[in-house]
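# Chain and residue survey
What follows is each chain in one-letter form.
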Amino acid sequence: MYFPEYRARRLRRNENIRRMVRETHLRVEDLIYPLFSAFGKGVRKEIPSMPGIYQQSIEHIVQECREVRAEGIPAVILFGLPETKDPMGQDAYSETGIIQETIRAIKKELPDLTVITDVCLCEYTDHGHCGVIRDGDVDNDETLRLLAAEALSHARAGADIVAPSDMMDGRVAAIREILDANGFSHIPVMSYAVKYASAYYGPFRDAADSTPQFGDRRSYQMDPANRREAFREAALDVQECADFLMVKPALAYLDILRDLKERYDLPLVAYNVSGEYSMIKAASQAGWIDHDRVMMETLVGMKRAGADLIITYHAREAARLLRG
Ligand code: PBG
Ligand code: ZN
């Protein structure tokens, strides 16, 4: 295959030929849409750093879920803004917590929309860390008990999939065990297996009001420089019976997505995080990039790297373009 006999441009001559040889396809089935459910009534507040994304109370969440469902997006992932926060993050595992109420309201109207819940404590603790604090750091094993209780209460409220994002050691096993012991052996765990300590979460922490009040998350989230550590984290979660593996963030970690795709057979999820979304919004608002083209190129790049599913704030915009 040498020039001039071989000419690569022959397969790029027109759109039909390009369609025929296209290797990667983004589908609406690949998309998961995040929602921020806020305590109260009549709340619908746009997040300044995330245009088009809102903190909203349950009736607005249900309304947006109807639209999401009509657009063909199969799943949402829920984050909660509770009425009150405390050192133990009690709303997270309360029967009447913000997420538990939200799940029930969605499932009542839209039983066939898949509801995934983020399982973590940082949205519910007054100090903003992902677990309970002892001697100035997050106590791993104490936190496991609360995360397991949180996952169980989500399942009881009707969640279809639970997604732990805390990065405590042993949490997938702890959650699997409590679900199985309580009649929820059919509920999958989508593990945020490989989650880096990333500055790309900045806008999300405004949205979820979950910025740590002291220190940072580097004693539990991963160092962005590490690749082999990602394999150890994924291996642990596979042993603990995770049903999905996730890499987060996505854009600066496409190599890790590719690596995990080659090493593990579980469905692989990319989290296209808040900062990645905000950068595209800001640059397109400045008139510097073509919003829709950059968005689709970014999402297809994540699929090409190995993602089977993508959690993205762009899900609704992408679904609209995919419909054509
Ligand atoms: C909670 C959680 C975070 C995100 C998802 N779940 C924030 C964090 O760990 O600080 C980030 C999502 C995003 O940036 O879009 N642990
Ligand atoms: Zn957290």
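Given the structure is predicted, the values throughout are model-derived calculations rather than measurements.

### Some details on the site of ligand 1
As a matter of local geometry, ligand 1 sits amid 19 residues, with K195, R205, K248, S274 and Y313 nearest to it. Measuring from an oxygen atom of ligand 1, one finds a side-chain N or O atom of S274 at 2.7 Å. Taking 400 Å² as the accessible area of ligand 1 by itself, protein coverage stands at 100%. Those elements giving two or more residues to the shell around ligand 1 turn out to be β9 (190-195) and α6 (202-208). Within the shell around ligand 1, the residues separate by chemical class into eleven nonpolar, three polar and five charged.

### Here we look at the packing of aromatic side chains
Evaluated as defined, the whole model comprises eight aromatic pairs. An angle of 15° between the planes, with centres 4.2 Å apart, marks the rings of Y196 and Y253 as stacked. Within this pair, whereas Y196 is found in the loop between β9 and α6, its partner Y253 is found in the loop between β10 (244-248) and α8 (254-263), the two being separated by 57 residues in sequence. Exposure remark for Y253: the relative accessible area of 7% places this residue in the buried category. Following the ring pairs from residue to residue traces out a cluster consisting of F36, F79, Y192, F204, Y271, Y277 and Y313. Stacked on the ring of Y54, the Lys or Arg R44 has its end atom at 3.8 Å from the ring centre. In this structure, K195 is placed above the aromatic ring of Y201, and the distance from its NZ or CZ to the ring centre is 5.5 Å.

### Some details on the coordination of the zinc ion (ligand 2)
Protein-derived coordination of the zinc ion (ligand 2) comes from C120 (SG), C122 (SG) and C130 (SG), at a distance range of 2.2 to 2.3 Å. Coordination at the zinc ion (ligand 2) comes from four donor atoms whose angles at the metal span 99 to 120°, giving a geometry best classed as tetrahedral. Written as a sequence motif, the donor arrangement for the zinc ion (ligand 2) is C-x1-C-x7-C. Of the residues examined, C120 reaches a relative accessible area of 0% and is grouped as buried.

### Structural notes on the packing of α8 against helix α10 (residues 291-305)
Where α8 meets α10, the axes come as close as 8 Å, and the angle between the chain directions of the two elements is 35°. Side by side, α8 and α10 meet where L254, L257 and R258 of the first sit next to G301, M302, R304 and A305 of the second. Across the contact of α8 with α10, the residue classes break down as four nonpolar, one polar and two charged.

### Remarks on helix α4 (residues 140-157)
End to end, α4 covers 26 Å across 18 residues, agreeing with the expected 26 Å (1.5 Å per residue, within 8%). Of all 18 residues that make up α4, 13 are buried, and the element is covered over most of its length. Taking the backbone nitrogen of D141 as reference, a side-chain oxygen 3.5 Å away marks D139 as the first, capping residue of α4. Immediately beyond the C-terminal end of α4, within one or two residues, lies G158, with a positive phi of roughly 120°.

### Re the environment of E240
Looking at the element boundaries, E240 is found in the loop between α7 (228-239) and β10. Owing to a relative accessible area of 17%, E240 belongs among the buried residues under this scheme. C-alpha of E240 to C-alpha of L321: the two residues are 81 residues apart in sequence and 38 Å apart in space.

### As for a nonpolar patch on the surface
Taken together, M1, Y6, L11, M20 and V21 make up a surface patch of nonpolar side chains, about 570 Å² in accessible area. Take V21: it is sitting in helix α1 (residues 15-21).

### A few points about the pairing of strand β11 (residues 268-272)
Of all five residues making up β11, five are buried, and the element is well covered by its neighbours. The two faces of β11 match: L268, A270 and N272 on one face and V269 and Y271 on the other face are all buried. Two elements, β10 and β11, share three bridges in a ladder whose sense is parallel. Bridge pairing in β11 places M246 opposite V269. Assessed by its sense of winding, the connection that carries the chain from β10 through α8 to β11 is right-handed.

Rules behind the numbers
- Residues numbered from 1 in each chain as written.
- Chains lettered and ligands numbered in written order.
- Predicted model: local features only at pLDDT ≥ 70, side-chain atom pairs only at ≥ 80, totals over all residues.
- Heavy atoms only, no water.
- Near = heavy atom within 4 Å.
- Polar contact = N/O pair within 3.5 Å; in protein donor to acceptor, adjacent residues only side chain to side chain.
- Areas by Shrake-Rupley, 256 points an atom, 1.4 Å probe, with all protein chains shown as cover.
- Helix = DSSP H or I, 4+ residues; strand = E, 2+ residues; numbered from the N terminus.
- Nonpolar A, V, L, I, M, F, W, Y, C, P; charged D, E, K, R; others polar.
- Phe/Tyr/Trp six-rings, centres within 6.5 Å; stacked < 30°, edge-to-face > 60°.
- Buried < 20%, exposed > 50% of the residue type's maximum accessible area, 1.4 Å probe, protein only.
- Lys NZ or Arg CZ within 6 Å of the ring centre and 35° of its normal.
- Donors = N, O, S within 2.8 Å, 3.2 Å for Na, K, Ca; no water.
- Tetrahedral: all angles 85-135°; square planar, octahedral: opposite > 155°, others 65-115°.
- Axes fitted to C-alpha atoms, helices over the stretch in contact; angles between N-to-C directions.
- Contact = heavy atoms within 4.5 Å.
- Expected span 1.5 Å × (residues − 1).
- Patch = residues over 30% accessible without salt bridge, like charges linked within 9 Å, V, L, I, M, F, W, Y side chains within 5 Å.
- Salt bridge = Lys/Arg side-chain N within 4 Å of Asp/Glu carboxyl O.
- Pairing = 2+ DSSP bridges.
- Right-handed = clockwise from strand over helix to strand, strands pointing away.

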